[in-house]
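Residue-level structure breakdown
Chain by chain, the residues run as shown.
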Amino acid sequence: MKVSIVIPVYNEFRTFHQVIERVRRAPLPAGCDKEIIVVDDGSTDGTVQRHAEPLADVKHRRIAHSGKGSAIRAGIELATGDIVLMQDGDLEYDPGDYARILDPIVRGGADIVYGSRFLGKRVAMPWRNRLANHILTAAANLLYGARLTDEATAYKAFRMAIFREIHLECRRFEFCPEVTAKARRRGYRIREVPVSYNARGIAEGKKIRARDGWEALWTLLRYRFVPRARL
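Residues numbered from 1 in each chain as written. Predicted model: local features only at pLDDT ≥ 70, side-chain atom pairs only at ≥ 80, totals over all residues. Heavy atoms only, no water.

A look at the overall build of the protein
Rule in force here: Helix numbers and strand numbers start at the N terminus; a helix is a DSSP run of H or I with at least 4 residues, a strand a run of E with at least 2. Computation of the radius of gyration draws on C-alpha atoms alone. For the globule rule, the value is 2.2 Å times the number of residues to the power 0.38. A 1.4 Å probe rolled over the protein chains alone gives each residue an accessible area, and that area as a share of the maximum for its type sets the label: buried under 20%, exposed over 50%, partly exposed in between. Two residues qualify as a contact provided that any one of their heavy atoms is within 4.5 Å of a heavy atom in the partner residue. Reported accessibility uses the Shrake-Rupley method at a 1.4 Å probe radius. Residues are deemed covered only where the shown protein chains occlude them. In this tally, Asp and Glu contribute negative charge and Lys and Arg positive charge; neither His nor the terminal groups of the chain are included. Note on charges: their place is set at NZ of Lys, CZ of Arg, CG of Asp or CD of Glu.
Regarding its fold elements, the protein presents 7 helices and 7 strands. For the protein, the succession of helices and strands along the chain, N to C, is β-α-β-β-α-β-α-β-α-β-α-α-β-α. In terms of C-alpha radius of gyration, the protein reaches 16 Å, essentially the compact-globule figure of 17 Å for 231 residues. On the principal axes, the C-alpha backbone points of the protein span a range of 45 × 40 × 35 Å. In the protein, buried positions account for 52% of the 231 residues. Contacts in the protein between residues far apart in sequence, at least 24 positions, make up 75% of those at least 6 positions apart. Here the protein has roughly 10900 Å² of accessible surface; of this, 52% comes from carbon and sulfur atoms. Averaging the locations of the 40 positively and 28 negatively charged side chains of the protein gives two centres separated by 5 Å.

Shown next as structure tokens:
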């Protein structure tokens, strides 16, 4: 079974090489192999260009800067795996958790798995970010019966077949609420597993802002009432 690991990046030169090396070394469930797909969302710091040699075994594409959601969609288009797993281009999430995330799908017990930062031990996170995450998770649970603890996690894995059903429109950070809403509207159950998390701040390159939280909440509300045929 092939796993396509999609890595959207924008100005992540400081951490990009380490992320790629960790992804390469990350163990997968037995019987799985991986393809690594990097989509550079118009970086201006040479994130991918200055690491061209280490990317010899990696699929990569550069697009005009338009947002994380656009980069994710471009990565999915390149993917040839049976499973698609999302990986951020920083060091907040640990690729060592891949086997835990993928195992329920590989064993046939789930179609979608989210890596929750709020299961297991308590993680360090600025209170504003924690509050925003709890609000978005509560909205997803209320509107879609999702039964989640971490709707906004970046670690999400899907059977590729799901992306043949769902039409994604996201451009920026609204990928998470859009895919959650559309998957639940189509009746998919989302399973969660605990993952580790090392929060970073704006000074360290974190790009999400308050307006992205409002956009995510609006996305959850909007797709609750869109006709199912348009999802």
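Re the pattern of salt bridges
Quick reminder of the rule: Throughout this description, the term salt bridge denotes a Lys or Arg side-chain nitrogen within 4 Å of a carboxyl oxygen of Asp or Glu.
Counting across every chain of the model gives 13 salt bridges. The shortest N-O distance in the salt bridge between E77 and R61 comes to 3.6 Å. Remark: R61 occurs in strand β3 (residues 59–62) and E77 occurs in helix α2 (residues 68–78); sequence separation between them is 16 residues. Residue E77 is classed as exposed on the basis of its relative accessible area of 60%. For R61, a relative accessible area of 32% gives the class partly exposed. Where K68 meets D88, a salt bridge forms, and the shortest distance between an N and an O atom there is 2.8 Å. Pair noted here: K68 is in helix α2 and D88 is in the loop between β4 (83–86) and α3 (98–106), with a separation of 20 residues, a long-range link.

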